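Okay, here's what each chain looks like letter by letter:
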2 protein chains.
Amino acid sequence: MDLSRQYAETRDAQDPIGHFRTRFHIPDERLVYFDGNSLGRLPLTTRDRLHDAIDREWGGELIRGWDTWIDLAGRAGDVIAEGVLGVARGEVILSDSSSVNLFKLASAALDASPGRHVIVTDDDNFPTDRYVLEGLARARGLELRIVATDIDAGVDPARIAAALDDDVALVCLSHVAYRSGALADMVAITTAAHRVGALTLWDLCHSAGSVPVPLRESGADLAVGCTYKYLNAGPGAPAFLYVRRDLQARLRQPIWGWFGQRDQFAMDAGYDPVESIERFQVGTPPVLGGYAVLEGARITAEAGIPCLYDKSAELSSYTIQLGEAWLGDRLALASPSDPGQRGSHVTFHHPQAWQICQALKAAKVIPDFRTPERLRIGLAPLYTRFVDVWEGMARLRDIVTSGSYREFEAVRGRVT
Amino acid sequence: MDLSRQYAETRDAQDPIGHFRTRFHIPDERLVYFDGNSLGRLPLTTRDRLHDAIDREWGGELIRGWDTWIDLAGRAGDVIAEGVLGVARGEVILSDSSSVNLFKLASAALDASPGRHVIVTDDDNFPTDRYVLEGLARARGLELRIVATDIDAGVDPARIAAALDDDVALVCLSHVAYRSGALADMVAITTAAHRVGALTLWDLCHSAGSVPVPLRESGADLAVGCTYKYLNAGPGAPAFLYVRRDLQARLRQPIWGWFGQRDQFAMDAGYDPVESIERFQVGTPPVLGGYAVLEGARITAEAGIPCLYDKSAELSSYTIQLGEAWLGDRLALASPSDPGQRGSHVTFHHPQAWQICQALKAAKVIPDFRTPERLRIGLAPLYTRFVDVWEGMARLRDIVTSGSYREFEAVRGRVT
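Worth saying up front: this structure is predicted, and the values here are computed from it rather than measured. (Residues numbered from 1 in each chain as written. Chains lettered and ligands numbered in written order. Predicted model: local features only at pLDDT ≥ 70, side-chain atom pairs only at ≥ 80, totals over all residues. Heavy atoms only, no water.)

K.L.:
So what's going on with the UniProt feature "modified residue: N6-(pyridoxal phosphate)lysine" (unreviewed entry) in chain A? Residues and values would help.
P.N.:
All names here are of chain A. The UniProt entry lists K229 under the feature "modified residue: N6-(pyridoxal phosphate)lysine" (unreviewed entry), expressed in the numbering used here. Along the chain, K229 falls in the loop between β7 (222-225) and β8 (240-243). Judged by relative accessible area, which is 10%, K229 ranks as buried. Beyond its immediate chain neighbours, meaning those up to four positions away, K229 contacts G36, N37, S38, G40, C205 and H206. (UniProt positions renumbered as here; feature names shortened; annotations may be inferred. Helix = DSSP H or I, 4+ residues; strand = E, 2+ residues; numbered from the N terminus. Buried < 20%, exposed > 50% of the residue type's maximum accessible area, 1.4 Å probe, protein only. Contact = heavy atoms within 4.5 Å.)

In structure tokens, the structure reads:
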């Protein structure tokens, strides 16, 4: 393969969605950003919209702004529904954080199957998902059945199927694994879950905006996801939740807040939730975050998931090829090698991954470290160029081959 | 009493915290804003901080911003603790919405008293509080004991005490009533609750930033509150929660999210929460909202609750005096007349309150309507002047005495 920088430039010139990079605020062209799967970049329309929402809407309209803001969570949800997830308007809404939404929807699903006693997940699921499910299982006296997963290969549908029986109420998994980027087979797993009468709840944090999400094709029941990764809505922006239309009136989430109430401002005695997706809202929604999701999701919808996924597969394959060519004997791929089985990030294993991460940051390459000993490279397709991949991997090559990373702190510090 | 505008101007000239108005973005001096208890105004430092957080921190620092943001919820919580609520650092943290926090802390309190079967609240409590408690009682098979309250006079401690027995696990009330502004006697009620071994959970939404909150003096156990009212943190900004230090390690909230986890980025198997206030966090916190709370709470702390409360009492008394002098036969006070029994808003009853509200808005006076037939006038002491009260009440007088409000729509529209 052609290892020249010129080859990367040629690929960029041919990229049908390459121009989307100009829609983002990129103050330092030297910085190679490989962490858009953790925190996406700032879109220019979002910057302008937020400034306007702060100065003119909040500052000038004051409480009257709520005439506009009251359904913002639903409007942003509709853009995600139609433009990102391929489901219908009214099936997605912004609300709370992914963790809180996971709690709400898992609780609702468990309440809908009172005779069943098992929640199924896997040991490679994102920590907060595992903790939330652990808490629910403990509070309700249920079994949390944790399926062993190869952390580099991802969820094996056969192992999930083997864990299913008619005592399972809920199967809750991540669509794209946070560490390896492995893509779970949503269709096979949902089919198997439905065969035993269980509901499925999917965490789409690492897939919304990067890969096709077969909610409709699989018949998946429920999903949650964050918006600050590929949807570029900014740090701590509100999460979204999906409830399949026919389930909405049947399921009731446990936190009976006034934003789910019918004729909310009547302030009546007694909780009487609407039958639509708004029943899964709780408290007063964040307006700035809501606007950021609206703008970010619009750009993703405009580029289109098929184009984004194509580019994402090309970027991750190119990353792996450069890694093999330059560092094949020193760096082990810790992601599926088949692009059809990956999301939009790839991960490498190296015993000194922590040190290498610090060295990369000093060289203006921003990847992410993940335990154990993994270097995660996110390739957000809206603004990552092939030359970014070339530059980042070239700097990685120099750091690893020279051994200069050994100058950096060897052990990850503990937070708190 | 002196009903002239000049008198109001004299009062403003003598106001020791009058200069704080210059710290806010006020684009239209003709607008009389009587709804700072619903959505506070935009502080200039907040506007600047948010623009910088969007453009430079998110846009430029990207994921590296989390080095700064990771403890923002605690830093803002500390300002609220020390500068607003008079409790210690480490007893308050930002997290989620008030509704979600109420659910978390009420659940934790109920889990701590497994042998008790009653939750006590009152029928004038804010709707979302009543709904959340109703949901918890339903899910756990508990009794929700709802004490009748005069909606204009507020919670009667004797009636609450009469509802208490040793089967009560939790007493959950609002400190300042959302409709009448009546101030509940936190010391008397908490003392009565503790006498029967119950925990107390206070909703501080309408009191934080406007009145002294005797959490420490009363020995109150738990509290939640929003930040977009008197703390001026903007629409949908994150809420705060208070857990008395000695209870923190004993209580466990039900949504086991990764922001409560010890050494969160180890991403270990098994939920193992920290023992400090951070254990009541759940998911990734909103950064823009966190900064807005930090800046808003700083201004409140700088002015100081004693000065704010003094001015608030003067403003609300003046509002009532003008109302009585100009409209005494047409408008009935629907708030306690003793300023020591009020928060920072006053409410009037009028059979056509909805129409009057619309007419006021058309005349550039922004009050709030509350069912049934109530006109609510918020008097945020950081930026409301005596001349604002004079102007607003004068326009109200003209609208009511002329009957011009009859041109406006008679019936409140239904939202949803």
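K.L.:
I'd like to hear about the pattern of salt bridges, residue by residue, with values.
P.N.:
All chains considered together, the criterion is met by 66 salt bridges over all chains. The residue E295 of chain A makes a salt bridge to R49 of chain A at a minimum N-O spacing of 3.0 Å. Placement of the pair is E295 of chain A in helix α11 (residues 287-303) and R49 of chain A in helix α2 (residues 44-61), with a sequence separation of 246 residues. Salt-bridge contacts for R397 of chain B lead to D398 of chain B; the nearest nitrogen and oxygen are separated by 3.1 Å. R397 of chain B sits in the partly exposed class, given a relative accessible area of 23%. For D398 of chain B, a relative accessible area of 42% gives the class partly exposed. Sharing partners across several salt bridges, the network here consists of R5, E9, E391 and R395 of chain A. (Salt bridge = Lys/Arg side-chain N within 4 Å of Asp/Glu carboxyl O.)

K.L.:
Lay out the domain arrangement of chain A in plain terms, naming residues and giving numbers.
P.N.:
Residues and elements named next belong to chain A. Taken domain by domain, chain A comprises domain 1 (5-30 + 304-407) and domain 2 (47-302). Taken over C-alpha atoms, the centre of domain 1 sits 29 Å from the centre of domain 2. At the junction of the two partners, domain 1 supplies 28 residues and domain 2 supplies 25 residues. When domain 1 packs against domain 2, the two sides together hide about 2200 Å² of surface, and 57% of this comes from carbon and sulfur. At the junction of domain 1 and domain 2, the tally comes to two salt bridges. (Domains from an automatic or database assignment. Buried area = accessible area lost by both parts, 1.4 Å probe.)

K.L.:
Break down the relation of the copies chain A and chain B for me, citing the residues and quoting the values.
P.N.:
Each copy superposes on the other: chain A lies on chain B with an RMSD of 0.0 Å after a rotation of 180° and an axial shift of 0.0 Å. Considering both components of the superposition, the chain copies are consistent with a two-fold axis. Comparing interface residues between copies, 99% of those in chain A also sit at the interface in chain B, which points to an isologous, same-surface contact. (Least-squares fit on C-alpha atoms with pLDDT ≥ 70 in both.)

K.L.:
How would you sum up unusual backbone geometry? Please name residues and give values.
P.N.:
All names here are of chain A. With omega at -10°, the peptide bond leading from T371 into P372 counts as cis. Along the chain, P372 falls in the loop between β12 (368-370) and β13 (374-378). Unlike most non-glycine residues, D263 shows phi in positive territory, near 45°. With respect to the helices and strands, D263 occurs in the loop between α10 (245-248) and α11.

K.L.:
Go over empty space enclosed by the protein, please, and point to the residues and values.
P.N.:
According to the stated counting rule, one finds six cavities of 30 Å³ or more in the structure shown. Here the largest cavity is characterised by a volume of approximately 200 Å³. Taken together, 24 residues make up the lining of the largest cavity; nearest its centre are P286, L288 and G289 of chain A together with L288 and G289 of chain B. Looking at the lining of the largest cavity, the elements with two or more residues in it are α11 of chain A together with α11 (287-303) of chain B. In terms of residue class, the lining of the largest cavity is made up of 18 nonpolar, six polar and no charged. In this structure, the second largest cavity occupies an estimated 70 Å³ of space. As for the second largest cavity, its lining consists of W66, W69, L72, A73, L94, S95, P238, P285, P286, V287 and G290 of chain B. (1 Å grid on protein atoms, 1.4 Å probe; cavity = no way out; pocket = protein on both sides within 12 Å on 5 of 7 lines; lining within 4 Å. Points joined across faces, edges and corners; volume = space filled by probe spheres on them. Nonpolar A, V, L, I, M, F, W, Y, C, P; charged D, E, K, R; others polar.)

K.L.:
Summarise the packing of helix α1 (residues 5-14) of chain B against helix α14 (residues 386-402) of chain B; cite the residues concerned and give the values.
P.N.:
Each pair of packed helices can be summarised by the angle the axes make with each other and by the distance between the axes. All names here are of chain B. At a minimum axis distance of 7 Å, the contact between α1 and α14 shows a crossing angle of 155°. Taken together, α1 and α14 sit at an angle that is classed as roughly antiparallel. In contact with R5, A8, E9, R11 and D12 of α1, α14 contributes F386, V387, W390 and E391. Considering only residue class, the contact of α1 with α14 consists of four nonpolar, no polar and five charged. (Axes fitted to C-alpha atoms, helices over the stretch in contact; angles between N-to-C directions. Parallel < 35°, antiparallel > 145°, perpendicular 65-115°, else oblique.)

K.L.:
Account for the environment of G181 of chain A, naming residues and giving values.
P.N.:
Mapped onto the secondary structure, G181 of chain A falls in the loop between β5 (168-174) and α8 (186-195). In this structure, G181 of chain A is in contact with V176, Q341, R342, G343 and H345 of chain A, ignoring residues within four places of it in sequence.

K.L.:
I'd love a proper account of the packing of helix α5 (residues 98-111) of chain A against helix α6 (residues 127-140) of chain A, names of residues and values included.
P.N.:
All names here are of chain A. Where α5 meets α6, the axes come as close as 10 Å, and the angle between the chain directions of the two elements is 40°. When the axes of α5 and α6 are compared, the pair comes out oblique. Crossing handedness for the pair α5 and α6: right-handed. Along its contact with α5, which presents S99, L102, F103, A106, S107, L110 and D111, the element α6 presents T128, D129, V132, L133, L136 and R140. (Left-handed = near helix turned anticlockwise from the far one by under 90°.)

K.L.:
A description of the packing of aromatic side chains should follow, citing residues and the corresponding values.
P.N.:
Enumeration according to the criterion identifies 27 aromatic pairs over all chains in this entry. On the basis of an interplanar angle of 80° and a centroid distance of 5.3 Å, the ring pair of W66 of chain A and W69 of chain A is categorised as edge-to-face. Taken together, the residues span about one helical turn, with W66 of chain A and W69 of chain A both in helix α3 (residues 66-69) at a distance of three residues. For the pair W66 of chain A and W69 of chain A, one class covers both residues: buried. Plain terms: the ring middles of Y7 of chain B and Y318 of chain B are 5.8 Å apart, the flat faces sit at 55° to each other, and that makes the pair tilted. (Phe/Tyr/Trp six-rings, centres within 6.5 Å; stacked < 30°, edge-to-face > 60°.)

K.L.:
Tell me about the side chain of E391 of chain A, and please be specific about residues and values.
P.N.:
All names here are of chain A. Within the secondary structure, E391 sits in helix α14 (residues 386-402). Residue classification places E391 among the buried positions, given a relative accessible area of 18%. If we ignore the near neighbours within four places in the chain, the residues touching E391 are R5 and V32.

K.L.:
Hey, could you go over the UniProt feature "binding site: pyridoxal 5'-phosphate" (unreviewed entry) in chain A for me, with residue numbers and the actual values?
P.N.:
Under the feature "binding site: pyridoxal 5'-phosphate" (unreviewed entry), the UniProt entry names S99, F126, P127, T128, D129, D203, H206, Y228, W258 and T284 of chain A. Spatially, the listed residues are scattered: they cover 186 residues, and their C-alpha atoms lie as much as 30.2 Å apart. Tracing the sequence through the fold places Y228 of chain A in the loop between β7 and β8. Setting aside residues no more than four positions away along its own chain, Y228 of chain A makes contact with S38, L39, G40, A233, G234, G236 and A237 of chain A together with T284 of chain B. Mapped onto the fold, T284 of chain A is located in the loop between α10 and α11.

K.L.:
Any details on the sheet that holds strand β12 (residues 368-370) of chain B? Residues and values, ideally.
P.N.:
All names here are of chain B. In spatial order, the strands read β9-β10-β13-β12; together these four strands make up an open sheet with antiparallel pairing. Because the sheet does not close on itself, it has two edges, and the strands there are β9 (332-333) and β12. Examined bridge by bridge, strand β10 (residues 345-349) and strand β13 (residues 374-378) share five bridges and lie antiparallel to one another. Opposite F348, over in β13, you have L375 as the bridge partner. Packing against the sheet, helix α12 (residues 305-327) makes contact with β9, β10 and β13, and its axis sits at approximately 20° to β10. Each of β12 and β13 touches helix α13 (residues 353-362); the most contacted strand, β13, lies at about 40° to it. (Pairing = 2+ DSSP bridges.)

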